[in-house]
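Below, each chain spelled out in residue letters.
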Amino acid sequence: MKNITETTSISFELLIENIKSGKVRIPHFQRKLVWNLENTALFIDSIFRNTPLGTIITWESDERLSSERAIGGMDLSNNKGDYSYILDGQQRSTTMFSALQGLTVQGMDFKKLYVNLDINPEEFTFEKITYVVQKENVAENLYPFYKLWGEEYDDDILDIESRIHRRNAQKFVKKLNKTELSGVKIITDSVDVAIAHFQAINTGGKQLSLAEIIGCLLFDEDKKWFFHEKTERLEEEAELKGFKIDKNFQLKLTSYCLYGRIDIVTQKSIRKNDIINNWENIKASLFRAIEFLKNNYNLARKSDIFSDNLLYMLTYFFYKNNLKNPSLSQKVKMEKHIMYYGTTQRYEANTVANLMQDAKVFDKIILNKSIEEDVKLIRFGTEDEKEEILQLGYFNQLKNMPTFPKFIANVLAMNEPISFATGQKVKYSGEQQINQMHRHHIFPESIYGKASNNVFNIMLLDAQTNQAIGNSKPDSYMTEYYGEDFINKYRTNSDFKKIMDSQFIEVDALTAIKNNDIESFKRHRMISIFNFMKSYFE
């Protein structure tokens, strides 16, 4: 395997020509242009002051990577043969290319850069040389930087009226033509070696993700299919649905749907034709999974889901089930698996190995086969076991719950809670999403302190009711809505019982509310929630 490093130098003329011809390319794992016009003006001043300009580091290879096909609306040639990818120096290369061509990139018009022709570039000066001029009426001593370059720059300079300005403009041109950037060529056949060099030398401290690396290999120019474009588009669409799905998640999801695995070796081995031919189905399966979570479990955002693995599994189901919704029998099995997943804290173990096993379970679910031997509920009989579960329910902040409390919050949402104030199901869709404002401390934190920060003391409410009851004690607002005898009402009023059962608040928990006993309440509510989960295994 070749692995050679060579020092070199390159003129601006050759650099610009090589970028235009496609010989020098900017791989898609490079960050977008972050320099603004002022940064570019400072860099141009450095050129004219003979300040060290840094080193352009390139990777020389015959490996094809997905790379920028246009800069500022200027199409770059799709040159075939040996390639030179910029690993370090992308900001300098792109901004100088844009400035010398007078392009508009990311809304920045590089034609607004001007040099001061009162200055002789052959004489050192601390005075500012390059200006960003936004107004239309420009002073006579300022000359467009991009006109110092190109085939017609001689004719343009001859049109300058002042002899001194004309002479200085010619000196600026001469200086640009003489300036060379130092360079280092890394010659290797290995993508991994080139990437390691990039991460070691990158001054911006950017650590490449696996998706950014592999994504540069997953493209088809003839089909106009590029992984980085597809993932950016999916990320935008998912964001509109309340789900943040980054490139890394998408790569793992693709690997999981195609091969039932998310280990690094499998991700690196994704076959280009497999992802191109199946991408739209994978994307559609993800969106079906998102809608399923919203419509069936009241989970409106990815951050509400207790484990990303749930989204992997549901997407896998829809992909393998040809985008069809689960039957009632399949849905029950899926929920049984979710209960098993959460109560056994399976999400904390080896995710890679577990998801591979989970794919096999979902294969059984799709075929409507039994999953009895694959799933089980944790032991929940002794007082020690109950106390352990109760302790797992604590959290510091509602908006940043640990995984187990978030799982229980998911179960609360799955049970289709009903607001005791309105008698309507608490639906979280559209603008009304589950967040920390709608997760209500039954025994308020302002009164009961840290003891209230337990998921078994949380119920899901509509925002209006949550705001109305505020920090009131539960005995107070239950009496306000249902009278002092709300415990007996639970026994005699089926509508009230239905509301309380939807929130996992049964007669023993209501008694604890009446007695202002938060510890008894949490314990009885925990038992109600676990009895609900146990019903899937009976």
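Everything quoted here is computed from the prediction, not taken from an experiment. (Residues numbered from 1 in each chain as written. Predicted model: local features only at pLDDT ≥ 70, side-chain atom pairs only at ≥ 80, totals over all residues. Heavy atoms only, no water.)

Bringing the packing of aromatic side chains into the picture now. Applying the stated criterion across every chain yields a total of 21 aromatic pairs. On the basis of an interplanar angle of 10° and a centroid distance of 6.0 Å, the ring pair of F219 and F226 is categorised as stacked. Like F226, F219 is buried. Aromatic side chains Y256 and Y316 sit 5.1 Å apart centroid to centroid with 45° between the ring planes, which places their arrangement in the tilted category. (Phe/Tyr/Trp six-rings, centres within 6.5 Å; stacked < 30°, edge-to-face > 60°. Buried < 20%, exposed > 50% of the residue type's maximum accessible area, 1.4 Å probe, protein only.)

This paragraph deals with the packing of helix α22 (residues 507-514) against helix α23 (residues 518-534). α23 packs onto α22 with a crossing angle of 165° between their chain directions and a minimal axis gap of 8 Å. The angle between α22 and α23 falls in the class roughly antiparallel. The interaxial crossing formed by α22 with α23 has left-handed handedness. Residue-level contacts link D508, A509, A512 and I513 of α22 to S520, F521 and H524 of α23. (Axes fitted to C-alpha atoms, helices over the stretch in contact; angles between N-to-C directions. Helix = DSSP H or I, 4+ residues; strand = E, 2+ residues; numbered from the N terminus. Parallel < 35°, antiparallel > 145°, perpendicular 65-115°, else oblique. Left-handed = near helix turned anticlockwise from the far one by under 90°. Contact = heavy atoms within 4.5 Å.)

On to the environment of C216. Considering the arrangement of structural elements, one finds C216 in the loop between α7 (210-215) and β13 (219-220). Distance from C216 to F227, taken between C-alpha atoms, is 7.4 Å for residues 11 residues apart in sequence.

What follows covers the pattern of salt bridges. Side chains bearing opposite charge may pair, as long as their charged atoms lie close to each other. Inspection of every chain in the model, using the stated rule, returns 24 salt bridges. Between D274 and R271 there is a salt bridge whose closest N-O contact spans 2.9 Å. If you follow the salt bridges from partner to partner, you end up with R233, E236, E237 and K283 in one network. (Salt bridge = Lys/Arg side-chain N within 4 Å of Asp/Glu carboxyl O.)

The three strands lie next to each other as β10-β9-β11, forming an open sheet whose pairing is antiparallel. Of all strands in the sheet, those bounded by a partner on one side alone are β10 (130-132) and β11 (142-144). For this sheet, the mean inter-axis angle between neighbouring strands, taken without regard to orientation, is 40°. Note: strand β9 (residues 113-116) against β11, three bridges, orientation antiparallel. Paired with Y114 across the bridge in β11 is P144. Relative to β10, helix α2 (residues 37-48) is tilted by about 170°, and along the sheet it contacts β9 and β10. (Pairing = 2+ DSSP bridges.)

Attention now goes to the side chain of T231. Along the chain, T231 falls in helix α8 (residues 227-240). Reaching out from T231, the side chain makes a polar contact with the backbone oxygen of H228 at a distance of 3.1 Å. Every residue in contact with T231, bar those within four places of it in the chain, is listed here: K247, Q250 and W279. (Polar contact = N/O pair within 3.5 Å; in protein donor to acceptor, adjacent residues only side chain to side chain.)

Moving on: the nonpolar core. Counting residues in hydrophobic clusters, the biggest one holds 80 residues, and the most contacted among them are L293, L311, F407, I408, F456, F530 and M533. For this core, the element with the most residues is helix α11 (residues 272-297), which contributes 11 residues. Residue contacts for L293: discarding those within four places in its chain leaves F243, N298, L299, I305, L310, L311 and L314. Listed in part, the 41 residues of the second largest apolar core include V105, L148, L176 and L181. (Core = buried A, V, L, I, M, F, W, Y, C linked by side-chain atoms within 4.5 Å.)

On to unusual backbone geometry, then. As a rule of thumb, non-glycine residues mostly have phi less than zero, and peptide bonds are mostly trans rather than cis. At N368, a position not held by glycine, the phi torsion is positive, near 60°. When you line up the elements, N368 lands in the loop between α14 (351-366) and α15 (383-392). Residue classification places N368 among the partly exposed residues on the basis of a relative accessible area of 38%. Positive phi, close to 55°, is recorded for N516, a residue that is not glycine. Under the relative-accessibility criterion, N516 is labelled partly exposed at 30%.

In this section: helix α12 (residues 308-320). In a regular helix each residue adds 1.5 Å, so 13 residues correspond to 18 Å; α12 covers 19 Å between its end C-alpha atoms and thus fits that length. Among the 13 residues of α12, 11 are classified as buried, and the element is accordingly described as predominantly covered. The complete set of buried residues in α12 reads N309, L310, L311, Y312, M313, L314, T315, Y316, F317, F318 and Y319. Packing partners of the buried residues in α12 comprise α9 (247-259), α11, α13 (328-343) and α14. Phi turns positive, to about 55°, at N322, one or two residues after α12. (Expected span 1.5 Å × (residues − 1).)

For the rest of this paragraph, the subject is the sheet that holds strand β1 (residues 3-11). Taken in spatial order, the five strands of this open sheet run β1-β12-β3-β6-β2, and their pairing is mixed. Lying at the two open borders of the sheet, with one neighbouring strand each, are β1 and β2 (24-25). Both strand β3 (residues 55-61) and strand β12 (residues 180-188) contribute to a ladder of six bridges, which runs parallel. Bridge pairing in β12 places I56 opposite G183. Sheet strands touched by helix α1 (residues 12-21): β1, β2 and β12. Its angle to β1, the strand with the most contacts, is close to 115°. Docked against the sheet, helix α3 (residues 90-101) engages β3 and β6 (83-88), running at close to 115° with respect to β6.

The pLDDT averaged across the protein works out to 85; a share of 90% of its residues lies at or above 70. A low-confidence stretch, residues 429-437 (pLDDT under 50), is modelled with 19 contacts involving residues beyond four sequence positions or located in other chains. (pLDDT = per-residue confidence, 0-100.)

Within the secondary structure layout, K336 lies in helix α13. Exposure remark for K336: the relative accessible area of 5% places this residue in the buried category. K336 sits 40 residues away from K376 along the chain, and the two C-alpha atoms are 8.6 Å apart. Discounting residues that sit within four places of it in the chain, K336 has contacts with E372, V375, Y536 and F537.

A word on helix α19 (residues 474-482). Turning to α19, its buried residues number three or more, namely P474, D475, Y477, M478 and Y482. Buried residues along α19 sit against β15 (439-441), β16 (458-460), α18 (463-469), α20 (486-492), α21 (494-502) and α22. G483, located one to two residues past α19, shows a positive phi value of around 85°.

Moving on, we get to the pairing of β9. In β9, alternate side chains face the same way, and those of L113 and V115 on one face and Y114 and N116 on the other are all buried. Judged from the three bridges that link them, β9 and β10 form a sheet pairing that is antiparallel. Among the inter-strand pairings, Y114 is bridged to a residue of β10, identified as Y131.

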